[in-house]
Amino acid sequence: MRHHNRHSFRFALIVSAMSVGIIVPVLQVAEAQAETPAETAAETPDAFLHRLAAQGNMQSASDVGATEVANAPNSPFADKAELGEALYFDPNLSANRTQACATCHEPSAGFKDPRIDVANGAFSLGDDGKSLGDRNAPMAAYAKFSPTFHVRDDGVAVGGQFWDGRAADLAEQAGGPPLNPIEMGMPDKASVVARLMEDEDYVAGFKALFGDDVWSDSETAYGAMTQAIAAFEQGDEFAPFDSKYDRFLRGEYKMTPQEELGRVLFFSQQFTNCNTCHMLKTSPTAEGETFTNYEFHNIGVPRNVATRKANAKDVSFTDNGLLDNPAIDDPAYRGKYKTPSLRNVAVTGPYMHNGVFADLETVVRFYNKYNSKAKANQTNPETGQPWGDAEVPETISLKELEQGDALDSKRIKAIVAFLKTLTDARYEPLLAEQAKAAN
């Protein structure tokens, strides 16, 4: 019997490792036994979500009972979240037993895919060791706050999980990768359930947490697995709200002049368009800001030609974005993607749905091209060439993109400095590593 209660998610060890420049491998993280630091938020995810709802904001549809405890005293898992933790780090749920959720959403790397040696980090390598996805793996941190996918009365699509929102909530998202042939590669749900039943801790834990009938059929057992993973992702570890920006709001950190200029510009209704899509709350000083309104937009991102060429992928391939969502059949939504959270954005590159930009400043300059027609601002600084044609030119959100004034380099760098303050405290050593590498 494997002791899954030892597979604990411990950021104290991760932070210690990062401070000396070590990225902890997935299985090492799973085996870490240090205690969770006391600085994680005391408010439970459920309480926080209910407070958001009371304030008129969105409420997560992934409330899967993270604090529900096992009903058997000999259960190997105290609650669904602890079971989900074990599942999150378990590579046995992939065809070749080499890939877990954490492989593409590694905690020590900001919950993104840390394998930047593969396709420059733009696409993720599958369990078979050769398949590459077509989209950059989204950050799993703060994902729990995305509302259930829906289209508002004004026609704007909102929420869900994945770049195209095709999963309604965290549980549905968790059920996708194991069955994706170019990700974890399992042939069907029954095969995944068979892997789960190889482990007597899982057998006992699922019964204790989901009832004696949980193993009666594959659909039920598979659904329980996804709910447990979602319960784990509801935890405060995924959303600590302890960045410099959060500490600034609490009066615990003083912004540098450059960071403060960037903050003012970011939230400005006159000088930039950043907050048009990357602000949820009505006040720029509200705590708990997720830095996304969860809407879908086409911002004119070009194809990632260089990475596709280097990896023998079809350079002419066009990603349909939101139109790939089974709930959408209107071509007017083609090429639109969910606005990502800017939390930890400085340490989770490369950027855009296809990882086409490596540097955060490049991203800000890309947005600036819509407001500045100067030749220098029509050039991608990473390539020295024009930005490239939009992958889907006919649905670009020009109304939103052309708000605000053109930015000079001082203001661009200030916005980047502010975005760095959105980095969770445990990932600040990664910022220090970036600064050292740049010098």
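Note that the structure is a prediction, hence the values are computed from the model and not measured.

This part is about the overall build of the chain. Looking only at helices and strands, the chain has 17 helices and 6 strands in total. Every one of the 439 residues in the chain was classed for burial, and the buried ones make up 56%. Within the chain, residue pairs in contact and separated by at least 24 positions form 67% of the contacts whose partners lie at least 6 positions apart. Of the roughly 18700 Å² of accessible surface on the chain, 52% is carried by carbon and sulfur atoms.

For the second largest pocket, the calculated volume is near 860 Å³. Put simply, the parts of the chain that give the lining of the second largest pocket at least two residues each are helix 14 (360-368), helix 16 (409-420) and helix 17 (428-438). Tallying contributions element by element places helix 17 first for the lining of the second largest pocket, with 7 residues. Of the residues contributing to the lining of the second largest pocket, the split by class is 17 nonpolar, 5 polar and 7 charged.

What follows concerns the nonpolar core. As a rule of thumb, nonpolar side chains are buried together in soluble globular proteins. Residues L87, Y88, F206, M225, M352, F418 and L419 are the most contacted members of the largest nonpolar core, which totals 78 residues. Among the elements that make up this core, the one with the highest residue count is helix 9 (residues 218-233) (7 residues). In terms of nonpolar packing, the next biggest core, distinct from the first, is built from 6 residues, F149, A157, I328 and Y333 among them.

Time to look at empty space enclosed by the protein. One pass over the structure, following the stated rule, counts 3 cavities of 30 Å³ or more. Of the volumes computed, that of the largest cavity is approximately 60 Å³. In terms of residue class, the lining of the largest cavity is made up of 4 nonpolar, 5 polar and 2 charged. The computed volume of the second largest cavity comes to approximately 40 Å³.

Time to look at the pattern of salt bridges. Inspection of every chain in the model, using the stated rule, returns 19 salt bridges. For R97, the salt bridge is made with E198, and the minimal N-O distance between the two is 3.0 Å. In this pair, R97 is assigned in the loop between helix 4 (80-88) and helix 5 (101-104) and E198 in the loop between helix 7 (189-197) and helix 8 (200-210), connecting sequence segments 101 residues apart. In this structure E198 comes out as exposed when scored by relative accessible area, which is 53%. Its salt-bridge partner being R365, residue E361 comes within 3.0 Å of it at the nearest N-O pair. Taken together, the residues span about one helical turn, with E361 and R365 both in helix 14 at a distance of 4 residues. With relative accessibility at 17%, the residue R365 sits in the buried group. A single network of salt bridges, built from pairs that share partners, joins R135, D164, R166, D319 and D324.

Here the focus is the environment of G84. Residue position: G84 is located in helix 4. When the C-alpha positions of G84 and T226 are compared, they lie 8.0 Å apart, and in sequence the two are 142 residues distant. Filtering out sequence-adjacent residues up to four positions away, G84 remains in contact with A228, I229 and F232.

When the pLDDT values of the chain are averaged, the result is 87; 84% of them are 70 or greater. Confidence over residues 1-7 falls short of pLDDT 50; this stretch has 22 contacts with residues more than four positions distant or in other chains.

Taken N-terminus to C-terminus, the directions of helix 4 and helix 9 make an angle of 100 degrees; their axes are 7 Å apart at the nearest point. In terms of their interaxial angle, helix 4 and helix 9 are classed as roughly perpendicular. Counting all contacts with helix 4, which are made through K80, A81, L83, G84, E85, L87 and Y88, the residues of helix 9 involved are M225, Q227, A228, I229, A231, F232 and E233.

Here we come to the packing of helix 4 against helix 8. In a pair of packed helices, the angle between the axes and the distance between the axes together describe the arrangement. At a minimum axis separation of 10 Å, helix 4 and helix 8 run at an interaxial angle of 150 degrees. As helix 4 packs across helix 8, the resulting crossing turns out to be left-handed. Residues K80, L83, A86 and L87 of helix 4 pack against Y202, F206, L209 and F210 of helix 8. Taken together, the residues of the contact of helix 4 with helix 8 break down into 7 nonpolar, no polar and 1 charged.

All right, on to helix 8 then. Helical geometry: 3.6 residues make up each α-helical turn, so side chains three or four residues apart lie on a common side. Turning to helix 8, its buried residues number three or more, namely D201, Y202, G205, F206, A208 and L209. Buried residues along helix 8 cover an arc of 165 degrees about the axis, so they all sit on one side. In this structure, the buried side of helix 8 is in contact with helix 4, helix 7 and helix 9. By the N-cap criterion, in which a side-chain oxygen at the helix start approaches the backbone nitrogen of a residue two or three places on, helix 8 is capped by D199, the distance to D201 being 2.8 Å. Looking one or two residues past helix 8, G211 carries a phi angle of roughly 105 degrees, positive in sign.

Scanning the model with the defined rule gives 28 aromatic pairs in all. With a centroid separation of 5.3 Å and 70 degrees between ring planes, the pair formed by Y245 and F291 is classed as edge-to-face. With Y245 in helix 10 (residues 244-249) and F291 in the loop between helix 12 (274-277) and strand 3 (296-297), this pair connects stretches of sequence that are 46 residues apart. Of the two residues examined, Y245 and F291, each falls in the buried class. An angle of 85 degrees between the planes, with centres 6.0 Å apart, marks the rings of F366 and Y370 as edge-to-face. An aromatic cluster of three or more residues is present, and its members are F77, Y202, F206, F210 and W215. The residue whose ring lies beneath R166 is F162, and the NZ or CZ to ring-centre distance is 3.8 Å. Above the plane of the ring of F123 lies K313, whose end atom (NZ or CZ) is 5.8 Å from the centre.

Here we come to the environment of E85. Among the secondary structure elements, E85 is positioned in helix 4. Taking the C-alpha atoms as reference, E85 lies 5.6 Å from F232; in sequence the two are 147 residues apart.

Here is what the cut-offs are and how they apply
Residues numbered from 1 in each chain as written. Predicted model: local features only at pLDDT ≥ 70, side-chain atom pairs only at ≥ 80, totals over all residues. Heavy atoms only, no water. Helix = DSSP H or I, 4+ residues; strand = E, 2+ residues; numbered from the N terminus. Buried < 20%, exposed > 50% of the residue type's maximum accessible area, 1.4 Å probe, protein only. Contact = heavy atoms within 4.5 Å. Areas by Shrake-Rupley, 256 points an atom, 1.4 Å probe, with all protein chains shown as cover. 1 Å grid on protein atoms, 1.4 Å probe; cavity = no way out; pocket = protein on both sides within 12 Å on 5 of 7 lines; lining within 4 Å. Points joined across faces, edges and corners; volume = space filled by probe spheres on them. Nonpolar A, V, L, I, M, F, W, Y, C, P; charged D, E, K, R; others polar. Core = buried A, V, L, I, M, F, W, Y, C linked by side-chain atoms within 4.5 Å. Salt bridge = Lys/Arg side-chain N within 4 Å of Asp/Glu carboxyl O. pLDDT = per-residue confidence, 0-100. Axes fitted to C-alpha atoms, helices over the stretch in contact; angles between N-to-C directions. Parallel < 35°, antiparallel > 145°, perpendicular 65-115°, else oblique. Left-handed = near helix turned anticlockwise from the far one by under 90°. Arc of directions from axis to C-beta. Polar contact = N/O pair within 3.5 Å; in protein donor to acceptor, adjacent residues only side chain to side chain. Phe/Tyr/Trp six-rings, centres within 6.5 Å; stacked < 30°, edge-to-face > 60°. Lys NZ or Arg CZ within 6 Å of the ring centre and 35° of its normal.

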